[in-house]
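# Overview (structure and organization)
Given next are the chains, with one letter for each unit.
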Amino acid sequence: MPTFLAATHEIGGLFPLLAANANPAMGARIGYDTLSGGAFYCSPIDWVLNGLVTNPNLVVFGEPGRGKSSTVVALLLRMMLFGTRTLISGDVKGEYSPLLRALGIEPIALGRGSPARLNALDLGPLATRWDSWSVGRQRDELDGVLGRWTKLLVALAEAQGYPATVSDEAVLSQVLRRLVGAADGNDRVRPVTIPEVHRALADPAPELVEIARFADRRQFLDTLRPITDALGNLISGPLSGLFDEPTNFELDWNAPIQSMDLSLLRSRGDQAVAVALTVLGSWASLITDLQEDGEIRIVVRDEVWRQMRLGVKTVQAVDSDLRLSRTERKIQVLVGHKPSDFLSVGSAGSQEVAIAKDLLALCSTRILFGQSTRVADELADDLGLGEPEQDVTTGWCMERQGRALWKLENQPGYKVQTVLSSCEKAVFDTNAQLRADGGR
């Protein structure tokens, strides 16, 4: 039995039958449950295995400055103690870079002034692990990669207002298979770039025209012109040079955390950031699909709503990743300000909005930081919060940074105060840039 000592002026009252919270002491220690006073731990995989939740995905909502980012970064850092690796699928504000540098890992920055280039169709770890696989596995993995590349190119075309047809997808699949070397029966695969795909469509080989069952070259060019031009715009648009050249850096696939810093890309506009997030989302899926058996990885999707605004294909891609998280041993973490961010991906009643609503249901754990009364109403409607829980998000959570209501499916919410060490406070300081610029 633990013993607590305090003066009478410090204890206004004490309820003797107070029970400890039902959250098991497994995983990362986040802080304490203010109702029971006990430590609060987070272990999404163990929560699934113990029947507390049905999937390991988390969604985090909160106004800027409420401690949302610090709590997410603390979770990532503390889960590393259990061998869990993390991939930041596009760091729009550069908030995760200080953590990487503190761990001795240099984040890859993309955008203005950076020489880094990431091929959107990069083979990733497949290239380095290819020789160690059997012929059967090589064939299976390559089929998966080609499928992802086709979906990515279709999504990028849709982002520019062109909805790809079934014929477009079939031809893109044939082009990618030929370019990577699989169609020739080679035992090696070669990286492919978007300009190579564009050239294959703009100047098709006679064999491609025949395999794709077009009557002649003219019919091929006329039919494929819209998607050919859409891919051409990627080569000459605001993202020119970023994702259409061979990758010129090497990542340590075994590092505890990897991140792509997109903070230098914001000057190229929201559309450029959204396209970059789509490319990185596909790339992140490829990397995590090839992780070793038994390995668990956290994938953080910060401001994912930007990516989903590009069209229904990108929304479907995020939806697919969340649905497969149990099978693929991933913990998907979606970070946003409020639920309506997700519902702004399309017009009311559209397919995009319908899928986006389902994304909230695919995240069993909801971490809700302080919100205004108006947004709290949204939370109550979309997440089924009771009135006391709604009051917590507009009242208690607003009183101090790091306070959040943790909802595990339909269980009563935990009022959790995140606790950071002095070292973590220095690393997780999201106001550091303000102080540097303003001299405060």
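Please refer to the structure higher up on the page.
Bear in mind that the values here come from a model prediction, so they are computed numbers and not experimental data.

### Observations concerning the nonpolar core
In this structure, L121, W149, V197, L201, F220, F243 and M260 are the most contacted members of the largest nonpolar core, which totals 68 residues. Of all the secondary structure elements, the ones that give two or more residues to this core are helix 5 (135-158), helix 6 (166-180), helix 7 (194-202), helix 8 (206-211), helix 9 (217-236) and helix 10 (270-289). A per-element tally of this core places helix 10 first, with 12 residues. In this structure, F220 is in contact with V171, L201, P204, L208, V209 and F214, ignoring residues within four places of it in sequence. If you look at the next biggest cluster of nonpolar residues, it comprises 37 residues, including F40, L58, V333 and V416.

### Overview of the pairing of strand 3 (residues 58-61)
If a strand is regular, its side chains alternate between the two faces of the sheet. Covered by surrounding structure in strand 3 are L58 and V60 together with V59 and F61, the residues of both alternating faces. As judged from the 4 bridges shared by strand 3 and strand 9 (residues 365-368), these two strands associate in the parallel manner. The residue of strand 9 that forms the bridge with V59 is R366.

### Examining the packing of helix 6 against helix 7
The interhelical angle for the contact between helix 6 and helix 7, taken along N-to-C directions, is 120°, at an axis separation of 10 Å. Classified by chirality, the crossing of helix 7 by helix 6 is right-handed. Between helix 6 and helix 7, the contacting residues are V171, L172, V175, L176 and L179 on the first element and E196, V197, A200 and L201 on the second. Residues of the contact of helix 6 with helix 7, tallied by class, amount to 8 nonpolar, no polar and 1 charged.

### Overview of the pattern of salt bridges
Tallied over the entire structure, the rule returns 16 salt bridges. For the salt bridge of R225 with D229, the shortest nitrogen-to-oxygen distance reads 3.3 Å. One end of the pair, R225, and the other, D229, are both in helix 9, 4 residues apart, so they sit about a helical turn from each other.

### Remarks on unusual backbone geometry
Notably, R213 is not glycine yet its phi reads approximately 65°, a positive angle. Of the residues examined, R213 reaches a relative accessible area of 74% and is grouped as exposed. Despite not being glycine, E409 has its phi angle at roughly 50°, a positive value. Along the chain, E409 falls in the loop between strand 10 (403-408) and strand 11 (414-418).

### Section: the sheet that holds strand 6 (residues 257-261)
On the basis of which strands lie adjacent, the open sheet formed by 11 strands has the order 2-1-11-10-9-3-8-7-4-6-5 and mixed pairing. Looking at strand neighbours, the two that pair on one side only are strand 2 (39-42) and strand 5 (108-109), the edges of this open sheet. In this structure, strand 10 lies alongside strand 11, joined through 4 bridges in antiparallel fashion. Bridge pairing links A404 to V416 in strand 11. Sheet strands in contact with helix 16 (residues 387-394) are strand 9, strand 10 and strand 11, and its direction is about 150° off that of strand 10.

### Some words on empty space enclosed by the protein
Per the stated rule, a full pass over the model turns up 5 cavities of 30 Å³ or more. Computed from the structure, the largest cavity encloses a volume of approximately 60 Å³. Residue lining of the largest cavity: L156, I194, L234, L239, F243, D244, V275 and V279, and that is the complete set. Tallied by class, the residues present in the lining of the largest cavity amount to 7 nonpolar, no polar and 1 charged.

### Comments concerning the side chain of K68
One can find K68 in helix 2 (residues 68-79). As a buried residue without a salt bridge, K68 has its nearest oppositely charged side chain in D302, at a separation of 6.9 Å. Those residues within four positions of K68 in sequence are excluded, and the remaining contacts are V60, F61, G62, E63, V335, G336, H337 and F369.

What counts and how
- Residue numbers restart at each chain and count upward from 1, following the sequence in its written direction.
- Local features in a predicted model are, by the rule used here, given only for residues with pLDDT of at least 70; side-chain atom pairs are given and counted only at 80 or more, and totals for whole chains, interfaces and linings are based on all residues.
- Each side-chain value is worked out from all heavy atoms of the structure, with water and hydrogens disregarded.
- Residues grouped as a nonpolar core are buried Ala, Val, Leu, Ile, Met, Phe, Trp, Tyr and Cys residues, joined through side-chain atoms within 4.5 Å.
- Exposed residues in this analysis have more than 50% of their type's maximum accessible area, buried residues have under 20%, and partly exposed residues fall in between, with area computed by a 1.4 Å probe over protein chains only.
- Segments assigned H or I by DSSP are reported as helices when at least four residues long, segments assigned E as strands when at least two residues long, and all are numbered from the N terminus.
- For this analysis, residues touch if any pair of their heavy atoms sits within 4.5 Å.
- DSSP bridges decide pairing: two strands pair if at least two such bridges lie between them.
- Orientation is described by axes fitted as lines to C-alpha atoms, over the contacting stretch for helices, and by angles from 0 to 180 degrees between their N-to-C directions.
- For any pair of crossing helices, the crossing counts as left-handed if the nearer helix is rotated counterclockwise from the farther one by less than a right angle, and right-handed if it is rotated clockwise.
- Residues are grouped as follows: Ala, Val, Leu, Ile, Met, Phe, Trp, Tyr, Cys and Pro are nonpolar; Asp, Glu, Lys and Arg are charged; all remaining types, including Gly, are polar.
- Put simply, a salt bridge is a Lys or Arg side-chain nitrogen that is within 4 Å of an Asp or Glu carboxyl oxygen.
- Buried and open spaces are told apart on a 1 Å grid over the protein atoms alone, a cavity being a set of points where a 1.4 Å probe fits but cannot get out and a pocket being an open set with protein on both sides within 12 Å along at least five of seven lines. Residues with an atom within 4 Å of a point are the lining residues.
- Grid points are joined across faces, edges and corners, and a volume is the space filled by probe spheres set on the points.
- Charge counting treats Lys and Arg as positive and Asp and Glu as negative, with His and both chain ends excluded.

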